[in-house]
Amino acid sequence: MRESLVVRDFVNRKHPHCPAGDHHSIWSFCQTTLRTDNHRQERGFKPSHIEFALYHANQMKSSLWYNEEIFSWKIIVRSGDFRCMSSLIKYGYNFSLFGKECFDIMKGLIEHCLIGFYRRRPLTLNNLKSDRRKILFIQTAYLLVYGVNLPMDFKDRVDLLYLIWQAVSDSYLTYQELADASFELKMKDSDWLKLCHYYETYVTSPKSFDTPMPRSLAHFCRCKIRATLSENYALPDGIEKLDIPDSFKAFLRLEKRQS
């Protein structure tokens, strides 16, 4: 997909500083461009496209999912440019929009890795209690174990998975949940060991990994504040306007603590 010269020009001009009167025409342009690129389904969206559209959607008090999905998850997942997903989380587009289509595509890719294209069997993951848990497990397994062919190094995949889990209030997956789901998938021992090790090391904590437990009160507060800002089209810029210490702002931006 060839990046539009108009989009590139606006991005290079640091689009947040465009005159306010331009937002309506720019947002209309974004919608048209993304829909057109969606139908092409060639190399996938560039993160600059998504960031550009998200910013101007906020200015117009609108959503990237206005009336219909402007883009397809197939393009993001199959092209491997998951930086687009990071941008969506940054602007408050969290779990509910990483829904069935995203899940089905990732599940299909894992089925292909485990079984092969011609002998594929449906993966139901009946041992996980809800669709949310199933989707979170598939995203976790895909990014930590089966996304090795993505044009992202391991650190970038881990950072994205960390971001996904920090943006939702769901409790972390436990060792038993991973064990049950991996058994149903008939994962190789080496893949199963990688999944457990990487997940415990980079995403969850030893205590949460052993025993089901809710997330911290601070985390629930963060999710609520981010949801409120998102509902008012104020993510991420609204965080900077809050009269709170910089460390709290970094927490709301889902930034990792410096070790």
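Right above here is the structure, for reference.
The structure presented is a predicted model; accordingly, all values stated were derived computationally and were not measured. (Residues numbered from 1 in each chain as written. Predicted model: local features only at pLDDT ≥ 70, side-chain atom pairs only at ≥ 80, totals over all residues. Heavy atoms only, no water.)

**Q** Got a minute to help me understand the overall build of the chain in this structure?
**A** Tallying secondary structure elements over the chain gives 14 helices and zero strands in all. Across the chain, every contact between residues at least 6 apart in sequence was considered, and the portion connecting residues at least 24 apart equals 72%. For the chain, the exposed area adds up to about 13800 Å²; of that, 53% sits on carbon and sulfur atoms. (Helix = DSSP H or I, 4+ residues; strand = E, 2+ residues; numbered from the N terminus. Contact = heavy atoms within 4.5 Å. Areas by Shrake-Rupley, 256 points an atom, 1.4 Å probe, with all protein chains shown as cover.)

**Q** Sorry if this is basic, but what is going on with the packing of aromatic side chains here?
**A** Under the counting rule described, the total for this entry stands at eight aromatic pairs. Judged by centre distance (5.6 Å) and plane angle (40°), the rings of Trp165 and Tyr172 are tilted. Both residues of the pair, Trp165 and Tyr172, count as buried. Between the aromatic rings of Trp165 and Tyr199, the centroid separation amounts to 5.9 Å while the plane-to-plane angle is 65°, which identifies the pairing as edge-to-face. With Trp165 in helix H8 (residues 154-166) and Tyr199 in helix H10 (residues 189-202), this residue pair connects regions lying 34 residues apart in the sequence. Put simply, the rings of Trp165, Tyr172, Tyr175, Trp192, Tyr199 and Phe209 touch in pairs and so form one group of aromatic residues. Arg215 extends its terminal NZ or CZ atom over the ring of Tyr172, reaching a point 4.0 Å from the ring centre. Against the face of Phe251 rests Arg222, its NZ or CZ located 3.9 Å from the ring centre. (Phe/Tyr/Trp six-rings, centres within 6.5 Å; stacked < 30°, edge-to-face > 60°. Buried < 20%, exposed > 50% of the residue type's maximum accessible area, 1.4 Å probe, protein only. Lys NZ or Arg CZ within 6 Å of the ring centre and 35° of its normal.)

**Q** Could you clarify how one ought to interpret the environment of Arg157 in this entry?
**A** Relative to the helices and strands, Arg157 resides in helix H8. Distance in space between the C-alpha atoms of Arg157 and Thr140 is 9.7 Å, their sequence separation being 17 residues. When near neighbours in sequence (up to four residues on either side) are disregarded, Arg157 contacts Leu143, Leu144, Gly147, Val148, Leu150 and Met152.

**Q** Please explain the packing of helix H7 (residues 131-146) against H10 as it appears in this structure.
**A** A pair of packed helices is characterised by two quantities: the angle between their axes and the separation of those axes. Contact geometry of H7 with H10 gives a least axis separation of 9 Å together with a crossing angle of 105°. The orientation of H7 relative to H10 falls into the category roughly perpendicular. In contact with Phe137, Thr140, Ala141, Leu144, Val145 and Tyr146 of H7, H10 contributes Asp191, Lys194, Leu195, Tyr198 and Tyr199. Residue composition of the contact of H7 with H10, grouped by class: eight nonpolar, one polar and two charged. (Axes fitted to C-alpha atoms, helices over the stretch in contact; angles between N-to-C directions. Parallel < 35°, antiparallel > 145°, perpendicular 65-115°, else oblique. Nonpolar A, V, L, I, M, F, W, Y, C, P; charged D, E, K, R; others polar.)

**Q** Sorry, what's going on with the pattern of salt bridges here?
**A** If charged atoms from side chains of opposite charge come close, those side chains can pair. Taken as a whole and assessed by the stated rule, the structure comprises six salt bridges. Here Arg133 and Glu177 are joined by a salt bridge, their closest N and O atoms 2.8 Å apart. Highlighted residues: Arg133 in helix H7 and Glu177 in helix H9 (residues 175-185), separated in sequence by 44 residues. Of the two residues, Arg133 and Glu177, both sit in the buried class. With a shortest N-O distance of 2.7 Å, Glu255 and Arg253 are connected by a salt bridge. Put simply, Glu240, Arg253 and Glu255 are held in one network by salt bridges that share partners. (Salt bridge = Lys/Arg side-chain N within 4 Å of Asp/Glu carboxyl O.)

**Q** Whenever I open this one, the nonpolar core confuses me. Can you help?
**A** Proteins that are soluble and globular tend to have nonpolar side chains buried together. In terms of nonpolar packing, the biggest core is built from 43 residues, with Phe82, Phe137, Trp165, Leu178 and Tyr199 touching the most fellow members. Where this core is concerned, the elements lending two or more residues are helix H5 (83-90), helix H6 (100-115), H7, H8, H9 and H10. With 10 residues, H7 is the single largest residue contributor to this core. Dropping the residues within four chain positions of it, Trp165 is found in contact with Leu136, Thr140, Asp170, Ser171, Tyr172, Leu173, Tyr199, Val203, Arg215 and His219. By size, the runner-up hydrophobic cluster in this structure holds nine residues, among which are Ile50, Leu64, Cys84 and Tyr91. (Core = buried A, V, L, I, M, F, W, Y, C linked by side-chain atoms within 4.5 Å.)

**Q** Just to check I follow, could you spell out unusual backbone geometry for this structure?
**A** Trans is the common state for peptide bonds, and a negative phi is the common state for residues other than glycine. In this structure, Pro236 follows Leu235 across a cis peptide bond, with omega equal to 0°. In this structure, Tyr233 is a non-glycine residue whose phi angle is positive, near 55°. Considering the arrangement of structural elements, one finds Tyr233 in the loop between helix H12 (217-231) and helix H13 (237-240). Even without being glycine, Leu254 reaches a positive phi, approximately 70°. Within the element layout of this structure, Leu254 appears in the segment after helix H14 (246-252).

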